[in-house]
Each structure stands twice: as C-alpha cells, then as structure tokens.
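Here's the letter readout for the chains.
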Amino acid sequence: MPTDETPPSSGSPKKRARRRMTGKERREQLLDIGRTLFADRGFEGTSVEEIAHKAGVSKPVVYEHFGGKEGLYAVVVDREMRRLLDMVTGALTGGHPRELLEQAAFALLDYIEQYTDGFRILVRDSPLPQSTGTFASLISDIATQVEDILGREFKNRGFDAKLSPLYAQALVGMVALTGQWWLNVRKPKKAEVAAHLVNLAWHGLDGLEQKPRLIGHRRS
C-alpha cells in the first residue's frame, strides 16, 4: 500500500527523522507541484513520474490521491476557476456602474498578477474529454455575474434589458483577452491597463445607440 511518508534519506539521523506529511498536506503539495508543471509544460508535457519525483514520493502516491494525472489536473483547474470567480464577484461591491467596470477589470488583472500559473493553465484548451471547465465557460460564468448590473443600467437608460447578457459577454471577453496579452508583456502598468479598458468600455456604452444600425450592405 502506498503511503504519504517521504522516502527515508541516507543522510544524517536528523534527515531520517523527517516528519511524515499528513494526507492533506501531501495532497496540497502534489497540487502545488502539479499546478507549476502544468503551467510551465502543459498537460501533455507533464508526467506522473516528474510530479512524484519533485514531491519526493513514489508514483503510487500520486495515483492514491488523484487517480492519475487527469484527476490532478481536473482539481487544479477547478480550484483556479473558483479562485478567479471569487475574486471577480468579491470585487463587485457596488457604486457607480463605471466604478464596477473598474473593479471587474482590476479583479482579473489582479488574478493574472498574483496567480500567473493558474491563469496560464486556464487559458489553455483542456485536453480532457470531460473537463471541469474551459476558459470560455469561465468567462461566461463571470459575465453572468455582471448581467444584472448591466440590466439595471440598460433599464435606467431606456434600453432593452434583455440584451444585457450579450453586452456582458462582450465586455468580459474584452477584458479577458486583453489580460491574456498583458500576461506576457506586463506593460503598461496594471492600473493604466484597467483605465484604458474602462475608457473604451464606458465611453462606448455612454454613446450607445438604442437601435444600432449596420452601414454596410450585409444585413444577415
């Protein structure tokens, strides 16, 4: 039976007496290692052997906790999705609609800055046939959180509130894609990126036509 005990060292007695990790501690260690490797090399480029080696355990320990690489990856993705959702929804504390846009933009950029490995994992297409989620579905979940805010603003301005889901998807998608770009360049500074995003979104909304028209020949 696999255990969560770190293999005994051939070094000093102090090393040989290293404290055994609890099952919970070992699970968290494996998740941290897996998260780093998946972010750096992707799902296909990461092996159970390497995960086990970096944790200082045998491969059966990884299988015991997660059933294999797929199970570990699914838990990592699920955790990162929940973390990002919590950061975005927790940031929307009310106030002027423009301030809410700023809060949402900052929340995503904060996540990218603080949990870069997690974001790198989320923006990759999941290799699993039954993934716990994709970046597209996560963006959809975040957009749902701001639909009500946009709906109220639309209603106050005499617009059709039923269109708020469409605009929520567009706004959140704009911020998310900009975030993917900023992930690598990190310029300009976060606050300046947020200001430009809100500038485009807010002034676009401020001059919104109630019934937008197409000026080209195509109508369908």
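Residues numbered from 1 in each chain as written. Predicted model: local features only at pLDDT ≥ 70, side-chain atom pairs only at ≥ 80, totals over all residues. Heavy atoms only, no water.

Colleague: How would you summarise the environment of Asn 184 if you had to cite specific residues and measurements?
Modeller: With respect to the helices and strands, Asn 184 occurs in helix α9 (residues 164–185). Taking the C-alpha atoms as reference, Asn 184 lies 9.8 Å from Thr 116; in sequence the two are 68 residues apart. (Helix = DSSP H or I, 4+ residues; strand = E, 2+ residues; numbered from the N terminus.)

Colleague: Residue-level account of the pattern of salt bridges, with values.
Modeller: Taken as a whole and assessed by the stated rule, the structure comprises eleven salt bridges. In this structure, Arg 157 engages Glu 153 in a salt bridge whose closest nitrogen and oxygen atoms are separated by 2.7 Å. Residue class for Arg 157 comes out partly exposed when judged on its relative accessible area of 31%. As a salt-bridge pair, Asp 206 and Arg 157 come within 3.6 Å of each other at their nearest N and O atoms. Of this pair, Asp 206 sits in helix α10 (residues 190–206) while Arg 157 sits in the loop between α8 (135–156) and α9, and the two are 49 residues apart along the sequence. (Salt bridge = Lys/Arg side-chain N within 4 Å of Asp/Glu carboxyl O. Buried < 20%, exposed > 50% of the residue type's maximum accessible area, 1.4 Å probe, protein only.)

Colleague: How would you explain unusual backbone geometry if you had to name every residue and give the values?
Modeller: With omega at -5°, the peptide bond leading from Lys 187 into Pro 188 counts as cis. Turning to its location among the elements, Pro 188 is positioned in the loop between α9 and α10. Positioned with a positive phi, Arg 186 is a non-glycine residue whose angle comes to about 55°. Topologically, Arg 186 is positioned in the loop between α9 and α10.

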